[in-house]
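# Chain and residue survey
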Amino acid sequence: MSHLLTQEEATARAQELRKTLNRYAFEYYVKDQPSVEDYIYDKLYTELVQIEEQYPELIMSDSPTQRVGGKVIEGFEKAVHDIPLYSLNDVFSKEELIQFDQRVQKTVGHPVSYCCELKIDGLSISLRYENGLFVRGATRGDGSVGENITENLKTVNSIPLRLNEDISVEVRGECYMPKASFVKLNQEREEAGQDVFANPRNAAAGSLRQLDTKVTAQRKLDTFLYTVADFGPMTSKTQYDALNELSEIGFRTNPEKRLCNTVDEVWAFIQEYHDKRAELPYEIDGIVIKVNDFDIQESLGFTVKAPRWAAAYKFPPEEAQTVIEDIEWTIGRTGVITPTAVMTPVRVAGTTVSRASLHNADYIRMKDIRLNDTVTIYKAGDIIPEVAQVILEKRAKESEAYQMPTHCPVCDSELVHLDEEVALRCINPKCPAQIKEGLNHFVSRNAMNIDGLGPRVLAQMYDKHLVSDVADLYKLTEEQLLTLDKIKEKAAGNILTAISASKDNSVERLIFGLGIRHVGAKAAKILAEHFGDLYAISQADFETIVSLDTLGDIIANSVVTYFENEEVHQLMAELQSAGVNLTYKGVRTSDLEKIDSPFKDKTIVLTGKLTQFNREEAKETIESLGGKVTGSVSKKTDIVVAGEEAGSKLTKAQSLGITIWNEQQMADALKDSHKN
Ligand code: AMP
Ligand code: ZN
């Protein structure tokens, strides 16, 4: 549509799109309350991209298209902080907290209220806005001079490019990496043979200080803002109100805050979050206590480095000691071999820990970890057990440095370092360990999703020469399955049904399942949607792939290289003759407009027993018609389909006044739907 727009129309439309998209982003990333489905956002976004391609002069700094990164900068410029960033004085116990409060009361002359906040373990950032527009983002540096990281911060979705009001302010807060993103990033890095980050804080720091902002954009960073440095027209008189005002003008603020009138209340807050800490989706290292009233803050003032009106209570580190009993090496799908410490079980931060990844040989060397060493362990990101350090005083005199393996423990080929990788790899393509991992990956949930084929069963199939590659799965017979341990007729039947059902999967599952290096589930979906089928992808050239949104040259290279292999083409032919679907069955964003269906743009919940459909099929069909199927009923649900014996979801839908259909009504609606 956009190619018909005149410059004037384009200007107006682009402005409207920027405004709408920024509002959607605000609802999604800041408020956690999206009001539209993702594909509507995607559609408008694509429209804006097209307009901006046609009229590049319309690209504004608050356009959401500026968030994807891609600008490669030479280095970071200095950013002077006219108002310095302060640090906080620490307190480590209730006694020290009481002393802090007494000092405050002595100066002020009466008791005061405190605003208690979580101390987010990330990096301080300072954001400046002029007339509502984000103009500068900076690190803290030494407090007076930091680095200008505006381009990097623009890729962080929860940082507004334009505020809800056209005001000029400077605000401060924390940029952090959520625990889940951290875990995923480290898994990917380990799998790719790269160094891992020690904790989310380091990962966030590393991600923000990237000269290539595209890398920052991929890192899933988030923010909480909590300080107003330059108020502009903001009117709050207390910290607590300022947090609310920050949220109103467009920033993401932390909802876990509390106004406390006594030290006992502050202490209760600290205790509460000490216990809740492990469940939070981000890491905190303490609680910040701030005098709530700004006038009183001012009367208390600052020491050389920190405000007299605030304190940071630091949680004691949760560490434990244990002994390294063994180091096991396992081989992943791509041949990377990773060491795991097997330790005497010990409790740390709420769970019993007996294993911890040691990541790679360099890590073991750097920390000089040896068998029978006593070590301290902690949980990175509050979840992943990590060895902190060896306690040298407890090391036996006769102890010797750990001997790294030189050969694959499974196939005995020599291990190598590829390029600059820290990882050791087995590069034997016939390595049984790698093939077994590849089979596991193929059947896994986000890949072909074949139930009943656990690692043991697959390993046996491989060892008994029933299966040597993924295509062989589709040639298995019942007799063959019955030769496996513990597989009786019923189980064999179930396995065959599951394998057969997987033939109908939309092709992105297969693409992901093939285990092409660097191609995750998301990239697989993008490839499938763009090219339509596996053959088209196998013929695509580097330029075409790299031009697709978010697929960088690493992925493009890997895909092209993968399909250059003659054996891959044989495998494709075998899969096809086995009847495995090689085409994309989902909806393409561009096809959505052509759909005519009562499910289009609707959020649907399926509950109770369905008799005509299997739940998964019904879900996929509805999704292919542009509907969204979710698991729980809320105000945003449009239709609840209630099968037999529907329970609480039905009751909830009734109380919310949501449209309720029985199974037959759904069946009729499906019949009435068209994909033109
Ligand atoms: P420290 O680095 O231990 O001196 O602690 C001060 C740092 O805590 C500040 O520079 C902030 O980056 C960080 N911080 C995290 N959460 C908060 C919060 N809610 N209020 C103030 N500072 C915080
Ligand atoms: Zn091997």
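Note that the structure is a prediction, hence the values are computed from the model and not measured.

### Quick look at the sheet that holds strand β5 (residues 133-139)
Strand-to-strand pairing in sheets goes through backbone hydrogen bonds, with the strands running parallel or antiparallel. In space, the four strands of this open sheet follow the order β5-β4-β7-β8, with antiparallel pairing throughout. For this open sheet the edge positions go to β5 and β8 (222-230), each flanked by a neighbour on one side alone. The mean angle between the axes of side-by-side strands here comes to 30°, regardless of whether they run parallel or antiparallel. Sheet contacts for helix α6 (residues 200-208): β4 (123-130) and β7 (169-176); angle to β4, the most-contacted strand, approximately 40°. Along the sheet, helix α8 (residues 239-249) makes contact with β7 and β8, crossing β8 at roughly 120°.

### What about the coordination of the zinc ion (ligand 2)?
Only Cys408 (SG), Cys411 (SG), Cys426 (SG) and Cys431 (SG) from the protein reach the zinc ion (ligand 2) as donors, at distances of 2.3 to 2.4 Å. What the four donor atoms of the zinc ion (ligand 2) show is an angle range of 97 to 118° at the metal, which sorts the shape as tetrahedral. Here the donor residues of the zinc ion (ligand 2) share one chain and are spaced in sequence as C-x2-C-x14-C-x4-C.

### Looking at empty space enclosed by the protein
For the structure on display, the rule yields two cavities of 30 Å³ or more. Forming the walls of the largest cavity are Glu117, Leu118, Phe224, Leu225, Tyr226, Leu243, Asn254 and Lys257. If you list the elements that add at least two residues to the lining of the largest cavity, you get β3 (114-120) and β8. Counting residues per element, the lining of the largest cavity draws most heavily on β8, at three residues. Looking at the lining of the largest cavity residue by residue, the classes come out as five nonpolar, one polar and two charged.

### Concerning the UniProt feature "binding site: Zn(2+)" (unreviewed entry) in the protein chain
UniProt's entry tags Cys408, Cys411, Cys426 and Cys431 with the feature "binding site: Zn(2+)" (unreviewed entry), counted in the numbering of this structure. On the basis of their most widely separated C-alpha atoms, the annotated residues across 24 residues gather in one place, lying no more than 8.7 Å apart. Set against the second largest pocket, the annotated residues that line it come down to Cys426. Leaving out residues up to four positions away in the same chain, Cys426 has contacts with Gly335, Cys408, Cys411, Ser413, Leu415, Cys431 and Gln434. Among the structural elements, Cys431 can be located in the loop between β18 (424-426) and α12 (432-443).

### Quick word on the environment of Glu52
Its location among the elements puts Glu52 in helix α2 (residues 38-54). Residue classification places Glu52 among the buried positions, given a relative accessible area of 6%. For the pair formed by Glu52 and Thr65, sequence separation is 13 residues and the distance between their alpha carbons is 9.0 Å. Beyond its immediate sequence surroundings of up to four residues, Glu52 is in contact with Leu58, Ile59, Ser63, Thr65 and Gln66.

### Quick word on a negative patch on the surface
Together, Asp504, Glu616, Glu617 and Glu620 give the surface a local cluster of negative charge. Within the fold, Glu617 resides in helix α22 (residues 615-624). Looking at Glu617, the relative accessible area reads 46%, which means it is partly exposed.

### Focus on the nonpolar core
Counting 56 residues, the largest nonpolar core has Leu453, Met461, Leu473 and Leu510 as its most contacted members. Breaking this core down by element, the ones donating at least two residues are α12, α13 (455-463), α15 (489-502), α16 (507-513), α17 (521-531), α18 (534-539), α20 (553-564) and α21 (566-577). If we ignore the near neighbours within four places in the chain, the residues touching Met461 are Leu453, Leu466, Val467, Leu473, Leu476, Leu481 and Leu484. Listed in part, the 36 residues of the second largest apolar core include Cys115, Leu123, Val228 and Leu243.

### Re the packing of α20 against α21
Following both chains from N to C, one finds α20 and α21 inclined at 80°, their axes separated by 5 Å at the closest point. In terms of orientation, α20 and α21 fall into the roughly perpendicular class. Residues Tyr562, Phe563 and Glu564 of α20 pack against Glu566, Val568, His569, Leu571 and Met572 of α21. Partitioned by chemical class, the residues of the contact of α20 with α21 number five nonpolar, one polar and two charged.

Definitions and limits used
- All chains use their own residue numbering, which begins from 1 and follows the written sequence.
- Chains and ligands are labelled sequentially in the order written, the chains with letters from A and the ligands with numbers from 1.
- Confidence filtering applies because this is a predicted model: local features only for residues at pLDDT of at least 70, side-chain atom pairs given and counted only at 80 or more, and all residues used for totals across whole chains, interfaces and linings.
- Computation of side-chain values covers all heavy atoms of the structure but excludes hydrogens and water.
- Any two strands with at least two DSSP bridges between them are considered paired.
- The numbering of helices and of strands both runs from the N terminus, where a helix is a DSSP run of H or I of at least 4 residues and a strand a run of E of at least 2.
- To get an axis, fit a line to the C-alpha atoms, keeping to the stretch in contact for a helix; angles then go from 0 to 180 degrees between the N-to-C directions.
- Pairs of residues are marked as contacts when any of their non-hydrogen atoms sit within 4.5 Å.
- Any N, O or S atom lying within 2.8 Å of the metal counts as a donor, and for Na, K and Ca the limit rises to 3.2 Å; water is left out, so some sites can look incomplete.
- Site shape is set this way: if four donors have all angles between 85 and 135 degrees, tetrahedral; if opposite donors are over 155 degrees apart and all others between 65 and 115, square planar for four donors and octahedral for six; otherwise irregular.
- Both cavities and pockets are sets of points on a 1 Å grid over the protein atoms alone; in a cavity a 1.4 Å probe fits but cannot get out, in a pocket the set is open with protein on both sides within 12 Å along at least five of seven lines, and lining residues sit with an atom within 4 Å of a point.
- Grid points are joined across faces, edges and corners, and a volume is the space filled by probe spheres set on the points.
- Each residue gets one of three labels, nonpolar for Ala, Val, Leu, Ile, Met, Phe, Trp, Tyr, Cys and Pro, charged for Asp, Glu, Lys and Arg, and polar for the others, Gly among them.
- UniProt positions are given in the numbering used here, feature names are shortened, and annotations may be inferred rather than shown by experiment.
- Buried, partly exposed and exposed residues are distinguished by accessible area as a fraction of the type maximum, computed with a 1.4 Å probe on protein chains only: under 20%, between the cut-offs, and over 50%, respectively.
- Two distance rules govern patches: like charges are joined within 9 Å, and nonpolar side chains (Val, Leu, Ile, Met, Phe, Trp, Tyr) within 5 Å, applied only to residues with over 30% relative accessible area and no salt bridge.
- We get accessible surface area from the Shrake-Rupley algorithm with a probe of 1.4 Å; when it comes to residues, only the shown protein chains can shield them.
- Counted as salt bridges are all cases of a side-chain nitrogen of Lys or Arg within 4 Å of a carboxyl oxygen of Asp or Glu.
- Counted as positive: Lys and Arg. Counted as negative: Asp and Glu. His and the chain ends are not counted at all.
- Each charge is placed at NZ for Lys, CZ for Arg, CG for Asp and CD for Glu.
- We define a nonpolar core as any set of buried Ala, Val, Leu, Ile, Met, Phe, Trp, Tyr and Cys residues linked to one another through side-chain atoms lying within 4.5 Å.
- Oblique is the label for every angle not falling under 35 degrees (roughly parallel), over 145 degrees (roughly antiparallel), or within 65 to 115 degrees (roughly perpendicular).

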